[in-house]
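# Chains, contacts and geometry: an overview
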Amino acid sequence: MASEVSLVDAHSANPIPPSLRIEVLQALADTAAGLANKQIDGFITRLADAMLDAAKTAGDPQDAKLLAASSALLKRNRYPFYYVMSERLGAALHNEVLAAEYPGTVQESAAVPAPLPPELEVDKKLCLVKAARGIEAENNTRLTALNIRLASLLGREALQTAQNPFRPQVFLSVIHESWCEFQPDTQTHHLVYRLLGPSLCLDLAPVLHALNMALIKRGIVPHLPAAALVATLDAEKKASPGQDEASLDPVTRQLRRLFPAEEKTPARSGDRALDTDFPALFAEDALHATASRNELMSFLSAVQRTASAQPAQPAKGAMRAAPFHVDILDRIRKDAPTGALTATDTSVINLLKKIFGTVFANDDIADEMKALIGALQVAVLKAAVQDKDFFFKAGHPARRVLDLMTRLSVGWDPRKGDADPLYAVIQRNVKRIQQESDQRMGVFADAAAELLAFIKRDDTATEQVLANSIGNALQQERHDQCVKAAKNEVAMRVGTGEVVAFVETFLEDKWVRVLTLAYGVKDEKPQAVESAIRTMDDLCWSVKPKITAAERKDLLAKLPPMVAMLNKWLDLIKWHGDDRERFFKELAECHASIVRAPLELSPERQMQIALAVAKRAAERRAQRQATQQPEPEPDAFDQMVDDLERGTWIEFKRTDGTVIKIKLAWVSPMRSLYIFSTNDRLEALSVSAEELAQAMREGRARILSLSGLVGSALASVFGADGANDAAMEAKSAA
C-alpha cells in the first residue's frame, strides 16, 4: 500500500538528525509529565480511599492501623505529596529518555528510598511487574505504536516495551518512591505498591496518545505498518478477558443475577398461544417472545399517552404529587396483558418503584418537581426494559437524565414558580421525552445534553460573579498548602531527634516561614525550594558531632556559604533584631565546641560517642512523640465533605437559628476550601473542609441534593437483601 511503510522503511522515513533527537525526547518527557501531573490530585484522593478500604479488610491489625493512619496523612497533606510526586516524575522521565538516547550510561536520579527488607523487596518487584503488565494490556495498541515510533526516532530496528521510557513500570515506581519520600516511617513503605494496578494508577491512555500524536506531527511513522496493527489488536483482545464476578461490587453482582448478560427466554406455561399455523421452522419461541415484547411496548406507549394527557403538575396548593405518578408502575404490573411481562420485566418494575419512591419520599424536593420527575416513570421503564445497562452504567442516557433532574430539583425556588429557568428546562425536557420516546430512545441523550449545558452555563455565570472570592480562596489555599509542605519538610528533619534543641526551635519557628516563601515562588523560581531545603540540611548536618579530621575540614569549608545562605533567607522573611543575633551566637558556639572537641579518639571511644548520640536522639524522638497530639482519624463526615460535588445543595443553620439553603458553587483544587452561593449567585458562605465537616457533625449543616439517585437507590435496595426480595416478587408476579 502506498500509504503504509514497512518497519525497515519507517526507520528511514523523515529521519531526525541525532543532534535534535535528544531535544525531541526531552519535549516528549515534558509532555508526558505535564499530562500526568494534571492527574496527581485525583490520584491522591483515590489512593487515600484505597488505603482506607484496605484498612477495613486487612488481616494484620498493625497493617490496618498503618493504612488508616497513612490515608489520613495523605488527605491532610495533599500538596506535599503532589510536589514530591511531580518532581520525581519529571526527573524520572527525563532520565529515561536520556538512557534511551545514550544506552549504557548511568543518569543522575532523585534520591532512591532505602531498600525494603529482602522479602519485601522481592514482593515489591513482583507486585509492580504484575501491575505494569495489567496497564500494558489495557494500552497495548498505544504502547506498541509508541514503541515503533520511538524505535524510528532512535534509529533502531525495534524497541521493546521494557526499553520504552514511558512504560507503565516507570510511573508505578515513581508512585512507590514518592510515597517513601513523603512518609519517612519505613514501616509504611510496603503499603502503597501492593495497592497499585490498572484501577489505581495514573491514566496512561491520554499520555500515550499525546506522545504518539506528537511524534506523528513530526512525521515519525505517521502510518503504522498493517502487520503491526493487526498483531497489536489481536494481543489486546486476548488481554481483555471478561471480568471475574468475584471482583465486582456487591450491587453489580446482585444485578448480574437479576439480569444475566445473555438470558435465553425459556418456554412459559402461562404464555398465550399465537394465532398462527407457522411450523417449527419459524422458531416459535423466538417469534412468541418478539410478539410479547411488541405487545408490552404498545401497552406502555398507550399508558404513557394517557398519563401525559393529564396535568404534569398538581393543582396550586396541592401538597403531594398527582396520584397517577405514585402508583402508575403498580398499575402497569397489574394491568399488563397476560404473558407480556417476563420475570425480568417485573424485576425492572420493582427496582424502578424503589428509585422513584426515593424521589417521592424526599421532603427536600417540592411537590411540583416530584410531579414532573414522576411523569417520566413510563418512559424510563421502557428504556430500562429494552436496555438493562440502565442499572449497570451511570452514564446510561435515561439514568443520567433521572440523576440530573433529581439533583437539580432540590435547588428550585417555589417563590419563582415556572418563571425559574430551572423549572422551565426540566419541564421542557420532560415533555420532550414523553412526546419522542416512542419513536426514539435517543431523546434521553438529547435531554441529558441540554441539562448538562444548563448546569455548565449556570456554573460559568456563578464563577464570573464570584471571581474575586475565588481568586482570594485560591491564594489562601496555595498559601496553606505551602505551609503544610514546609512543616512536613521540617518535621522530617526534627522528627529524627538528631537535631539539637536550639536549631530544632529555629527550624520550626523561622525556617517553616522560609520554606513557605520558597514554595510560594516555586513556579517562578523552581530552584528556590531546593536551595532552602539544602540550606536546612546543611544546618542540621553542621551541628552534629564531627569525630574525624576530614569531617571537621569539610565543616570549616561549608560554614561560610551556609551562613551566607541562612542570612539571605532570613533577610527575605524580614527576621531581624536581638533574637537573630542570639541564634547566630549560639550557632557559632556550637560549631566551635564541635571543632575543639578531642580529635584523636580510639575506635572504641568513637563507638561510644556514636551510641550516646543515637541514644539521645531516640530519647528526644520519644519525647516529641509523647507530647505531640495525634491527628484525628477521618470519619464519615470528612468523607462526605470530600465527596461533595459542585451543584450540591446544603441546608445551613445560622447562629440565630434561621435556616438557609445554599449551593456549592466552587471547590478549590486541593478540596480544602468551599464557596457556597444562593439561588441568585450571591456568595453566602466560604468555609474550609474541616469547618464544613464539623458543621455536619454538629447538625448545623445537612446535604439536600440527591447525588447519583439511581446508584444510591440500588445500593439501598441490595444492601438490605433487596435483590432476593426483588427476585422473589418477580417470580411470584410472573
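All values derive from a computational prediction rather than experimental measurement.

### Considering the nonpolar core
Among the nonpolar cores identified, the biggest contains 67 residues, and I332, L352, I355, F390 and F391 are the most heavily contacted of them. Per-element tally for this core: the top contributor is helix α13 (residues 343-360), with eight residues. Residues in contact with F391, not counting those within four places in the same chain, are L255, F259, V348, L351, I355, A384, R399 and L714. Within the second largest apolar cluster, 66 residues are counted, among which are I44, A100, W179 and L200.

### Points about the packing of aromatic side chains
Per the counting criterion, the structure on display carries 15 aromatic pairs. Here Y83 and Y519 contribute two aromatic rings whose centre-to-centre distance is 5.1 Å and whose plane-to-plane angle is 90 degrees, an arrangement assigned as edge-to-face. Of this pair, Y83 sits in helix α4 (residues 78-101) while Y519 sits in helix α21 (residues 501-520), placing them 436 residues apart in sequence. Residue Y83 is classed as buried on the basis of its relative accessible area of 11%. Its relative accessible area of 1% is what places Y519 among the buried residues. Seen from their ring centres, F583 and F584 are 5.3 Å apart, and the 70 degrees between their planes marks the pair as edge-to-face. With respect to burial, F583 and F584 carry one shared label: buried. Linked through ring pairs, F502, F506, W511, W575, F583 and F584 together constitute an aromatic cluster. In this structure, K558 is placed above the aromatic ring of W541, and the distance from its NZ or CZ to the ring centre is 4.6 Å. The ring of W649 has K661 lying over it, and the distance from NZ or CZ to the ring centre is 5.8 Å.

### Remarks on the environment of A336
With respect to the secondary-structure elements, A336 resides in the loop between α12 (323-335) and α13. Classification of A336 by relative accessible area gives buried; the value is 15%. With 41 residues separating them along the chain, A336 and E295 place their C-alpha atoms 9.2 Å apart. Ignoring anything within four residues of it in the chain, the contact list for A336 reads F299, R331 and L341.

### Quick look at the pattern of salt bridges
Scanning the entire structure with this criterion turns up 36 salt bridges. Where R88 meets E181, a salt bridge forms, and the shortest distance between an N and an O atom there is 2.7 Å. Here E181 lies in helix α7 (residues 168-182) and R88 lies in helix α4, a separation of 93 residues in the sequence. Taking the relative accessible area as the measure of exposure, E181 reaches 33% and is therefore partly exposed. With a shortest N-O distance of 3.5 Å, R333 and D330 are connected by a salt bridge. Separated by three residues within a single helix, R333 and D330 lie in helix α12, roughly one turn from each other. The partly exposed category is assigned to R333, whose relative accessible area is 24%.

### Side note on the packing of α21 against helix α23 (residues 549-572)
At a closest axis distance of 10 Å, the pairing of α21 and α23 adopts a crossing angle of 75 degrees. Taken together, the axes of α21 and α23 are roughly perpendicular relative to one another. Contacts between α21 and α23 involve F506, K510, W511, V514, L517 and A518 from the first element and L566, W569, L570 and L572 from the second.

### Re the environment of E436
Locating E436 in the fold gives a position in helix α18 (residues 421-436). Distance from E436 to A379, taken between C-alpha atoms, is 9.6 Å for residues 57 residues apart in sequence.

### As for helix α6 (residues 140-154)
Taking 1.5 Å of rise per residue, the 15 residues of α6 would be expected to cover 21 Å, and the 21 Å separating its terminal C-alpha atoms lies within 8% of that figure. Along α6, the positions that sit buried rather than exposed are N140, L143, A145, L146, N147, I148, R149, L150, A151, S152, L153 and L154. Looking one or two residues past α6, G155 carries a phi angle of roughly 70 degrees, positive in sign.

### Here's the deal with unusual backbone geometry
In most cases, non-glycine residues show a negative phi, while peptide bonds are predominantly trans. Here the phi dihedral of K574 falls at roughly 60 degrees; this positive angle occurs in a residue that is not glycine. Tracing the backbone shows K574 in the loop between α23 and α24 (578-596).

### Observations regarding the confidence of the model for the protein chain
Any segment with low pLDDT has predicted coordinates that should not be analysed in fine detail. On average, residues of the protein chain score 79 in pLDDT, and 78% of them are at 70 or above. Contacts of residues 1-14 to residues separated by more than four positions or lying in other chains number 21 contacts, the stretch itself having pLDDT below 50. The low-confidence segment residues 262-288 (pLDDT under 50) makes 19 contacts with residues lying over four places distant or belonging to another chain.

### Notes on the sheet that holds strand β3 (residues 673-677)
Spatial ordering of the open sheet is given by β4-β3-β2-β1-β5, a layout of five strands whose pairing is antiparallel. In this open sheet, the two strands that pair with only one neighbour each are β4 (683-688) and β5 (701-703). The mean angle between the axes of side-by-side strands here comes to 35 degrees, regardless of whether they run parallel or antiparallel. Alignment of strand β1 (residues 649-653) against β5, held across three bridges, turns out to be antiparallel. Bridge pairing in β5 links E651 to R702.

Criteria and thresholds
Residues numbered from 1 in each chain as written. Predicted model: local features only at pLDDT ≥ 70, side-chain atom pairs only at ≥ 80, totals over all residues. Heavy atoms only, no water. Core = buried A, V, L, I, M, F, W, Y, C linked by side-chain atoms within 4.5 Å. Buried < 20%, exposed > 50% of the residue type's maximum accessible area, 1.4 Å probe, protein only. Helix = DSSP H or I, 4+ residues; strand = E, 2+ residues; numbered from the N terminus. Contact = heavy atoms within 4.5 Å. Phe/Tyr/Trp six-rings, centres within 6.5 Å; stacked < 30°, edge-to-face > 60°. Lys NZ or Arg CZ within 6 Å of the ring centre and 35° of its normal. Salt bridge = Lys/Arg side-chain N within 4 Å of Asp/Glu carboxyl O. Axes fitted to C-alpha atoms, helices over the stretch in contact; angles between N-to-C directions. Parallel < 35°, antiparallel > 145°, perpendicular 65-115°, else oblique. Expected span 1.5 Å × (residues − 1). pLDDT = per-residue confidence, 0-100. Pairing = 2+ DSSP bridges.

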